[in-house]
Amino acid sequence: GRNIHFAEEVTSTQKIAQTLAAEGAQEGTIVVADKQTNGRGRMARTWYSPSGTGIWMSMIIRPNIPINNTPQLTLLTAVAIVQAIEEETTLKPDIKWPNDILVNGKKLVGILTELQAEADQVHSVIIGTGINVNQLEEHFPEELRSIATSIYIESGELCERSKLIQAILLKFEALYSLYLSKGFIPIKLLWESYAISLNKVIQARTINGVIEGKAIGIDNDGALLIETDETGIERIYSADIEIKQ
Ligand code: BTN
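So, here is what we can say about the structure in this document. As the structure is a computational prediction, the values presented were derived from the model and not from experiment.

What counts, and at which threshold
- Residues numbered from 1 in each chain as written.
- Predicted model: local features only at pLDDT ≥ 70, side-chain atom pairs only at ≥ 80, totals over all residues.
- Heavy atoms only, no water.
- Helix = DSSP H or I, 4+ residues; strand = E, 2+ residues; numbered from the N terminus.
- Rg over C-alpha atoms; globule rule 2.2 N^0.38 Å.
- Buried < 20%, exposed > 50% of the residue type's maximum accessible area, 1.4 Å probe, protein only.
- Contact = heavy atoms within 4.5 Å.
- Areas by Shrake-Rupley, 256 points an atom, 1.4 Å probe, with all protein chains shown as cover.
- Lys, Arg positive; Asp, Glu negative; His and termini not counted.
- Charge placed at Lys NZ, Arg CZ, Asp CG, Glu CD.
- Pairing = 2+ DSSP bridges.
- Axes fitted to C-alpha atoms, helices over the stretch in contact; angles between N-to-C directions.
- Expected span 1.5 Å × (residues − 1).
- Near = heavy atom within 4 Å.
- Polar contact = N/O pair within 3.5 Å; in protein donor to acceptor, adjacent residues only side chain to side chain.
- Right-handed = clockwise from strand over helix to strand, strands pointing away.

Structural notes on the overall build of the protein chain
For the protein chain, the count of helices and strands is 5 helices and 12 strands. Relative to its length of 245 residues, the protein chain is compact, with a C-alpha radius of gyration of 17 Å against a globular reference of 18 Å. With respect to the three principal axes, the spread of C-alpha positions in the protein chain is 50 × 45 × 30 Å. Counting only residues that meet the buried cut, the protein chain has 51% of its 245 residues in that class. When contacts within the protein chain are restricted to residue pairs at least 6 apart in sequence, long-range pairs at least 24 apart make up 63% of them. When the accessible surface of the protein chain is summed, it comes to about 11,500 Å², and 48% of that surface belongs to carbon and sulfur atoms. Counting 22 positive and 31 negative side-chain charges, the protein chain places the centres of these two groups 1 Å from one another.

Regarding the sheet that holds strand β9 (residues 209–218)
The strand order across the open sheet formed by 5 strands is β11-β10-β9-β8-β12, and the pairing between neighbours is antiparallel. Since the sheet does not close on itself, it has two edges, and those belong to β11 (232–236) and β12 (240–243), each with one partner. Taken over all neighbouring pairs, the strand axes of this sheet differ in orientation by 45° on average, direction set aside. Relative to β9, strand β8 (residues 201–206) is paired through 6 bridges, and the arrangement is antiparallel. When the sheet's bridge partners are listed, threonine 206 is paired in β9 with glycine 209.

Description of helix α4 (residues 161–182)
Side chains that are three or four residues apart share a direction in an α-helix, a result of its 3.6 residues per turn. Taking 1.5 Å per residue as the helical rise, α4 with its 22 residues ought to reach 32 Å, and the 31 Å between its terminal C-alpha atoms agrees with that figure. Every buried residue of α4 is listed here: Leu164, Ile165, Ala167, Ile168, Leu169, Phe172, Leu175, Tyr176 and Tyr179. Remark: glycine 183 follows α4 within two positions and exhibits a positive phi of approximately 85°.

Let's talk about the site of the ligand
The ligand sits among 20 residues. The nearest are Ser12, Gln36, Arg40, Arg42 and Lys107. In this structure, arginine 40 approaches the ligand through a main-chain N or O atom, which is 2.7 Å from a nitrogen atom. Residue lysine 107 places a side-chain N or O atom 2.6 Å away from an oxygen atom belonging to the ligand. Coverage of the ligand by the protein amounts to 99% of the 420 Å² it exposes when considered alone. Contributing elements (two or more residues each) for the shell around the ligand: α1 (13–22), β3 (54–61), β6 (106–118) and β7 (121–132). Tallying contributions element by element places β6 first for the shell around the ligand, with 4 residues.

Brief notes about the side chain of aspartate 34
By the secondary structure assignment, aspartate 34 is in strand β2 (residues 30–36). On the basis of relative accessible area, aspartate 34 is assigned to the buried category, the value being 13%. Reaching out from aspartate 34, the side chain makes a polar contact with the backbone nitrogen of glycine 52 at a distance of 3.1 Å. Reaching out from aspartate 34, the side chain makes a polar contact with the side chain of arginine 161 at a distance of 3.0 Å. Sequence-distant contacts of aspartate 34, defined by excluding residues within four places in its chain, comprise Phe6, Ala7, Glu8, Pro50, Ser51, Gly52, Trp56 and Arg161.

So, the pairing of strand β1 (residues 4–10)
Where β1 and β2 come together, 6 bridges link them in parallel fashion. Within β2, the residue paired with valine 10 across the bridge is glutamine 36. Between the parallel elements β1 and β2, the chain passes through α1 in a crossover that is right-handed.

The structure is reproduced here in structure tokens:
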């Protein structure tokens, strides 16, 4: 059976999942909270996680893969969430590399993947997902209103969080067993079918600077391939992406 921990209020489900993982929690362990007081986003940002309206969830998985392949799991999770949202709502979300799920250009879902590893051996991967479900526009802080959205804002219909969680877990399980048996290629093809940044000129802000060029695909690790005028094809493992044209 699946091991689901539910809490009314936590600092961050990521933090709790990391503690559980370090204590040996089994693969598939899930931490869900109604509210996070210190929800964390990528690149040291905070993630707005009020009570009652969103899905704040972290999952522990223990795949037997090299560290370099872990971005594949972020892409797999994004596909699972898009498929679940398509099943449970009228929305047709897009994926912006690596892990933003957008509707009408606004962010609906964020995914944060963290690792516990030693040498090249992955002990656990903690996949955190934040999904804006039933917020009204005025629930978002002013500065988020132009960039964030919710399922309710976009579809006009309330969505039962527990049903959506169940759908996500089922989609994840199906894709994860496909991944374990057939590798990343089938996942990559699905991911590419939802991606909006491919074949567009994008600007990637990485820790090593800004790279501008055409997004031509993802490689077998899940890295984004950008074709630049100056240096040819660059692989990007982590960045913020802006679509230019
Ligand atoms: C992003 O920056 O886009 C990623 C946001 C990830 C937010 C989720 S909410 C559940 C889990 N716990 C956290 O503290 N963060 C992730």
